[in-house]
Amino acid sequence: IASIGSLEAFQQEYENVFISVGESAISSEVLLKYRKEAIAPKILMDDNAYKIWESPKPKRIYVMGADVGEGIGSTASTIQVLDMTDLTKIRQVACYRNQFINPYAFTKVLYEIAGQWGSPYIYMERNNVGGGVLDTLFNTFKYEKIASFVPNNGDVDFERMGIYSHTNTKLEAVTNMR
């Protein structure tokens, strides 16, 4: 806590507590609403890194969003599992978060968690270490359900799978999220 600066900063970085400091893509009112509605996960696994609120159901439609950290204790590698069956009521059903897992080990965890949820499409930024995770997921684990988006390029091939982003596309994504 001393090294990160405050209890609030520690909670936000390591406990997934939503704290709005400065400018945020999500208003403080929305964050407060979500904080009040939050429920404890039903299942905790992998030293509480993997949290499950609902068990997988075969007829549901799931997607996974993932972000890769370097595994050195700063930025965490994360997975969000969303139930998209009813687009008017999208629900988070599971998440994984670990700031100490290396990218290769994270690829294996990503593959295993995807298998538990019916092998849904995975949405992940290709920039930086994400490219290596996506390449390993596809080439080593033979996982093909990888969403791809390349700005200003209609062609998507397996050499460039994943989501390429830069300042403009991130701004557009945040604007669409709002």
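Quick notes on the rules
- Residues numbered from 1 in each chain as written.
- Predicted model: local features only at pLDDT ≥ 70, side-chain atom pairs only at ≥ 80, totals over all residues.
- Heavy atoms only, no water.
- Helix = DSSP H or I, 4+ residues; strand = E, 2+ residues; numbered from the N terminus.
- Buried < 20%, exposed > 50% of the residue type's maximum accessible area, 1.4 Å probe, protein only.
- Contact = heavy atoms within 4.5 Å.
- Areas by Shrake-Rupley, 256 points an atom, 1.4 Å probe, with all protein chains shown as cover.
- Pairing = 2+ DSSP bridges.
- Core = buried A, V, L, I, M, F, W, Y, C linked by side-chain atoms within 4.5 Å.
- Polar contact = N/O pair within 3.5 Å; in protein donor to acceptor, adjacent residues only side chain to side chain.
- Salt bridge = Lys/Arg side-chain N within 4 Å of Asp/Glu carboxyl O.
- Patch = residues over 30% accessible without salt bridge, like charges linked within 9 Å, V, L, I, M, F, W, Y side chains within 5 Å.

**Let's talk about the overall build of the protein chain**
Looking only at helices and strands, the protein chain features 5 helices and 6 strands. Within the protein chain, buried positions represent 31% of all 178 residues. Long-range contacts, defined as pairs at least 24 residues apart, comprise 51% of the intrachain contacts of the protein chain with a sequence gap of at least 6. Surface accessibility of the protein chain: about 11,400 Å² in total, with carbon and sulfur atoms responsible for 54%.

**What about the pairing of strand β6 (residues 121–124)?**
Here β6 shows a buried face lined by Ile122 and Met124 and an unburied face lined by Tyr121 and Tyr123. In this sheet, β6 lies alongside strand β3 (residues 62–67) in parallel orientation, the contact comprising 4 bridges. Along β6, the bridge assignment pairs valine 63 with tyrosine 121.

**Here we look at the nonpolar core**
In terms of nonpolar packing, the biggest core is built from 28 residues, with Ile79, Val81, Tyr96, Leu110, Ile113 and Trp117 touching the most fellow members. Counting residues per element, the ones that place at least two in this core are β2 (50–52), β3, β4 (77–83), β5 (91–98), α3 (103–116), β6 and α4 (130–139). Discounting chain neighbours no more than four positions away, the residues touching tyrosine 96 are Asp46, Ala49, Tyr50, Ser77, Thr78, Ile79, Ile101, Phe106, Val109 and Ile113.

**Observations concerning the side chain of arginine 97**
Along the chain, the position of arginine 97 falls in strand β5. Relative accessible area serves as the criterion here: at 14%, arginine 97 is assigned to the buried category. Polar side-chain contacts of arginine 97 include one of 3.1 Å to the side chain of glutamine 99.

**Notes on the pairing of β4**
Residues Ser77, Ile79, Val81 and Asp83 point to one face of β4 and are all buried, whereas Thr78, Gln80 and Leu82, pointing to the other face, are not buried. Bridging between β3 and β4 involves 6 bridges; their strand directions are antiparallel. Across the sheet, residue aspartate 67 finds its bridge partner in β4, namely threonine 78. The pairing of β4 with β5 spans 7 bridges and is classified as antiparallel. If you follow leucine 82 over to β5, its bridge partner there is glutamine 92.

**Observations regarding the pattern of salt bridges**
Under the counting rule described, the total for this entry stands at 6 salt bridges. In this structure, glutamate 37 engages lysine 33 in a salt bridge whose closest nitrogen and oxygen atoms are separated by 3.3 Å. With glutamate 37 and lysine 33 both in helix α2 (residues 28–37) and 4 residues apart, the pair spans about one turn of that helix. With a closest N to O distance of 3.9 Å, glutamate 112 and lysine 108 form a salt bridge. Of this pair, glutamate 112 and lysine 108 both sit in helix α3, separated by 4 residues, roughly a single helical turn. For lysine 108, a relative accessible area of 45% corresponds to the partly exposed category. Within the structure, one salt-bridge network assembled from shared partners comprises Glu54, Arg60, Asp83 and Arg91.

**Focus on a nonpolar patch on the surface**
A contiguous nonpolar patch, built from Ile26, Val30 and Tyr34 and spanning about 240 Å² of accessible area, is present on the exposed surface. Mapping tyrosine 34 onto the fold places it in helix α2. With relative accessibility at 46%, the residue tyrosine 34 sits in the partly exposed group.

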